Amino acid sequence: MGALTRERDVREAYAAHSGELYGFAVRSLGDAGLAEEAVQETFLRAWRAGERFDPEIGSLRTWLFAILRNVVIDLGRARAARPRVAEGGVEPSVEPLEQALLAWQVEEAMRRIGEDHRRVLLETHFRARPYAEVAEELGVPEGTIKSRVYYGLRALRVVLEEMGYED
Amino acid sequence: MRTEDHRDWKLSLGAYALGDLPADERAAVAAHLEGCEECRAELRSLEGVAALLPLADPDRIEAPAARPPADLGARIEAQIAAESAREGRVRRRRRFRLGVGGAVAAAAVAAVLAIAILPLGGGESSPAQEVKFASLPKGVSIDATLEPHAFGTEIEMYVSGVRSGTLCRVFLRDAQGRTYSAGSFRYRWGENSQARLSSALDLSQAKQIGVHAGNRTFTAPVDRATALVGGADIGAT
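Rules behind the numbers
Residues numbered from 1 in each chain as written. Chains lettered and ligands numbered in written order. Predicted model: local features only at pLDDT ≥ 70, side-chain atom pairs only at ≥ 80, totals over all residues. Helix = DSSP H or I, 4+ residues; strand = E, 2+ residues; numbered from the N terminus. Buried ≥ 20, exposed ≤ 12 C-beta atoms within 10 Å, placed from the backbone. Contact = placed C-beta atoms within 7 Å. Nonpolar A, V, L, I, M, F, W, Y, C, P; charged D, E, K, R; others polar. Axes fitted to C-alpha atoms, helices over the stretch in contact; angles between N-to-C directions. Parallel < 35°, antiparallel > 145°, perpendicular 65-115°, else oblique. Core = buried A, V, L, I, M, F, W, Y, C linked by C-beta atoms within 7 Å. Pairing = 2+ DSSP bridges. Expected span 1.5 Å × (residues − 1). pLDDT = per-residue confidence, 0-100. Left-handed = near helix turned anticlockwise from the far one by under 90°.

S.K.: I tried to follow the overall build of chain A on my own but got confused; where do I start?
M.R.: Scanning chain A from terminus to terminus reveals seven helices and zero strands. For chain A, the succession of helices and strands along the chain, N to C, is α-α-α-α-α-α-α. Across the 167 residues of chain A, 37% fall into the buried class. Taking all contacts inside chain A whose residues are at least 6 apart in sequence as the whole, residues at least 24 apart take part in 68%.

Below, the structure is given as structure tokens:
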């Protein structure tokens, strides 16, 4: 697909990428309504600037994420500018955007790897449960848990690379 | 060390990279790494990913992925379609100008105007037309965009290169050769503004568009078959 100049191009781009864009928007804005607004604005901006999109330079996905990133910043600013009524408690800490994007990518990549791998990584690493306990729960040898951790990490790396991650 | 052993060491590297191995196993793997370049390389590739994991929130991973509302795509499309209809003319024209540019650079001036046309019977709306006048004197450029509306036709005319102050009278002709005055404007050197007027004449009725400019007349066919049409100078009417 070349420049994003036809309405059909936008429809195709939406079908391919809206899920991810929305996922990140929710993650970074913490609000479904705002996320919706952000995705809508992203595709409108993409459409308006469609002639500038050059697939030779980068993928459509990367381009859309770059636009969304700016939209999220704009929405964040607009929200910050709104006067706050007196509230008890502490202001929720706002994750820096780059970090939110990275975190979201890791979470998204975790969702995309195989169920067996994800399960084992979640239980052993994120929830710090002993390998033996998890092995028993899943009814597999402990060695299998270890190998699933290994292949799970490798799978995660592949998915992250597909998403544009480089180390 | 044999392939089987090596494979075992390798499988431990995931847990090692994550820092999840018990101390004794960890020490054993570290000792193996000392002498195994292949495992060191493998470890490096896992460590980058392992370092990212603390960013992720396990509850978020397990929560069902957020999906946009089912109608969001349709709403975006509708908004783009509306914007496209509103801005389409400008968008098309911008692209169009690029092709016309060079020849008229000397008289880099433009008057864009919209002309009202007398009402005639309505009809079904047809696609917007871009009309390029051909066979013009050197340096002169004329083109027009005709856009159908429920209420009639909107015309934008883009003229450049004629003498400043020239009176231009625009008209449309229907299939029967009847001429409908569309109003007049005076071409001003150095002007480049856009004005739009509306007319009740349906675009589907128009067969030809013309401009009397000073003592000359230029016309171009309005042809629904193509988006861009060559015109002809038919001389004074």
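S.K.: Would you explain the interface of chain B and chain A in this entry?
M.R.: For an interface, size is often stated in terms of accessible area lost upon the parts coming together. Counting residues at the interface gives 35 residues for chain B and 37 residues for chain A. When contributions to the side of chain B that touches chain A are tallied by element, the ones reaching two or more residues are helix 1 (3-18), helix 3 (37-52), helix 4 (58-62) and helix 5 (72-100) of chain B. Here the side of chain B that touches chain A gets nine residues from one element, more than from any other, and that element is helix 5 of chain B. Residue composition of the side of chain B that touches chain A, grouped by class: 22 nonpolar, seven polar and six charged.

S.K.: What am I meant to see in the packing of helix 7 (residues 142-162) of chain A against helix 3 of chain B here?
M.R.: How two helices sit against one another is set out by the angle between their axes and by the gap between those axes. Put simply, helix 7 of chain A and helix 3 of chain B touch, their axes get as near as 9 Å, and they point 75° apart. Relative to helix 3 of chain B, helix 7 of chain A is oriented roughly perpendicular. Where helix 7 of chain A approaches helix 3 of chain B, its residues Leu153(A), Leu156(A), Arg157(A) and Leu160(A) are matched on the opposing element by Ser45(B), Leu46(B), Val49(B) and Ala50(B). A breakdown of the residues in the contact of helix 7 of chain A with helix 3 of chain B according to their chemical character gives six nonpolar, one polar and one charged.

S.K.: Please explain the environment of Ala15(B) as it appears in this structure.
M.R.: Along the chain, Ala15(B) turns up in helix 1. Judged by local crowding, Ala15(B) falls into the buried class, with 25 C-beta atoms found within 10 Å. Between the alpha carbons of Ala15(B) and Leu46(B) there is a distance of 9.8 Å; along the sequence they are 31 residues apart. If we ignore the near neighbours within four places in the chain, the residues touching Ala15(B) are Lys146(A), Val149(A), Asp20(B) and Leu21(B).

S.K.: Teacher, can you tell me more about the nonpolar core here?
M.R.: As a rule of thumb, soluble globular proteins bury nonpolar side chains together. Formed by 54 residues in total, the largest nonpolar core has its most connected members in Ala25(A), Ala38(A), Leu64(A), Leu68(A), Val149(A), Leu153(A) and Leu156(A). A per-element tally of this core places helix 1 (residues 7-29) of chain A first, with nine residues. Those residues in contact with Leu153(A) that lie beyond four places of it in its chain are Gly14(B), Ala17(B), Leu46(B), Val49(B) and Ala50(B). Counting 26 residues, the second largest nonpolar core, distinct from the first, contains Phe133(B), Ala144(B), Ala213(B) and Phe218(B).

S.K.: Sorry, what's going on with the pairing of strand 8 (residues 206-213) of chain B here?
M.R.: Side chains on a regular strand alternate between the two faces of the sheet. Residue and element names in this part refer to chain B. Of all the eight residues making up strand 8, six are buried; the element is thus mostly covered by neighbouring parts of the structure. Note that strand 5 (residues 167-174) and strand 8 share seven bridges and pair antiparallel. Within strand 8, the position partnered with Arg173 by the bridge is Gln208. Where strand 8 and strand 9 (residues 216-221) come together, six bridges link them in antiparallel fashion. Following the sheet pairing, Gln208 is matched in strand 9 by Pro221. In textbook terms, the turn of a hairpin is the stretch between consecutive antiparallel strands, and for strand 8 and strand 9 this stretch comprises two residues, one of which, Gly214, has a positive phi near 60°.

S.K.: Which parts of the structure should I look at to understand the sheet that holds strand 5 of chain B?
M.R.: One key point about sheets: their strands pair by backbone hydrogen bonds, in either a parallel or an antiparallel sense. All names here are of chain B. Strand order in the open sheet formed by four strands is 6-5-8-9, and the pairing between neighbours is antiparallel. With one partner strand each, in any of the chains shown, strand 6 (179-186) and strand 9 form the two edges of the open sheet. The mean inter-strand angle of the sheet, taken between neighbouring strand axes irrespective of direction, is 20°.

S.K.: In this structure, what is going on with unusual backbone geometry? I would like to understand it.
M.R.: One can expect most non-glycine residues to show negative phi and most peptide bonds to be in trans. Even without a glycine there, the phi angle at Ala128(A) is positive, about 50°. Within the element layout of this structure, Ala128(A) appears in the loop between helix 5 (115-126) and helix 6 (131-138).

S.K.: Is there a simple way to think about helix 4 (residues 97-112) of chain A in this case?
M.R.: Residues spaced three or four apart along an α-helix face the same direction, because each turn holds 3.6 residues. Look at helix 4 of chain A: 22 Å from first C-alpha to last across 16 residues, which is about the 22 Å you get at 1.5 Å a residue. On its buried face, helix 4 of chain A is in contact with helix 1, helix 5 and helix 7 of chain A together with helix 3 and helix 4 of chain B.

S.K.: Whenever I open this one, the environment of Ser141(B) confuses me. Can you help?
M.R.: Mapped onto the elements of the fold, Ser141(B) is located in strand 3 (residues 141-149). In this structure the C-alpha to C-alpha distance between Ser141(B) and Val159(B), which are 18 residues apart in sequence, comes to 5.6 Å.

S.K.: Hey, could you run me through the confidence of the model for chain A in this one?
M.R.: Close inspection of predicted coordinates is inappropriate in any region flagged by low pLDDT. In this model, chain A carries a mean pLDDT of 85, and residues with pLDDT of at least 70 account for 88%. Overall, residues 85-93 of chain A carries pLDDT values under 50, and its contacts beyond four positions in sequence, including any with other chains, amount to zero contacts.

S.K.: When you look at the packing of helix 1 of chain A against helix 2 (residues 32-48) of chain A in this model, what are you seeing that I'm missing?
M.R.: Residue and element names in this part refer to chain A. Where helix 1 contacts helix 2, the axes come no closer than 9 Å and their chain directions differ by 140°. In this view, helix 1 runs oblique relative to helix 2, as classed from their interaxial angle. Relative to helix 2, helix 1 is oriented so that their crossing is right-handed. Seen from helix 1, the contacting residues are Val10, Ala13, Tyr14, Ser18, Leu21, Tyr22, Ala25, Val26 and Leu29; seen from helix 2, they are Ala32, Leu34, Ala35, Ala38, Val39, Thr42, Phe43, Ala46 and Trp47.

S.K.: Before we go on, may I ask you to explain the confidence of the model for chain B in this structure?
M.R.: All names here are of chain B. Of all residues in chain B, 68% attain a pLDDT of 70 or more, and the chain-wide mean is 71. For residues 93-125, every residue scores under 50 in pLDDT, and the model assigns this stretch 79 contacts once sequence neighbours within four places are set aside. Counting interchain partners and residues more than four positions distant, the pLDDT-below-50 stretch residues 225-237 has 31 contacts. Under the prediction, the complex receives an ipTM of 0.75, its pTM being 0.55.

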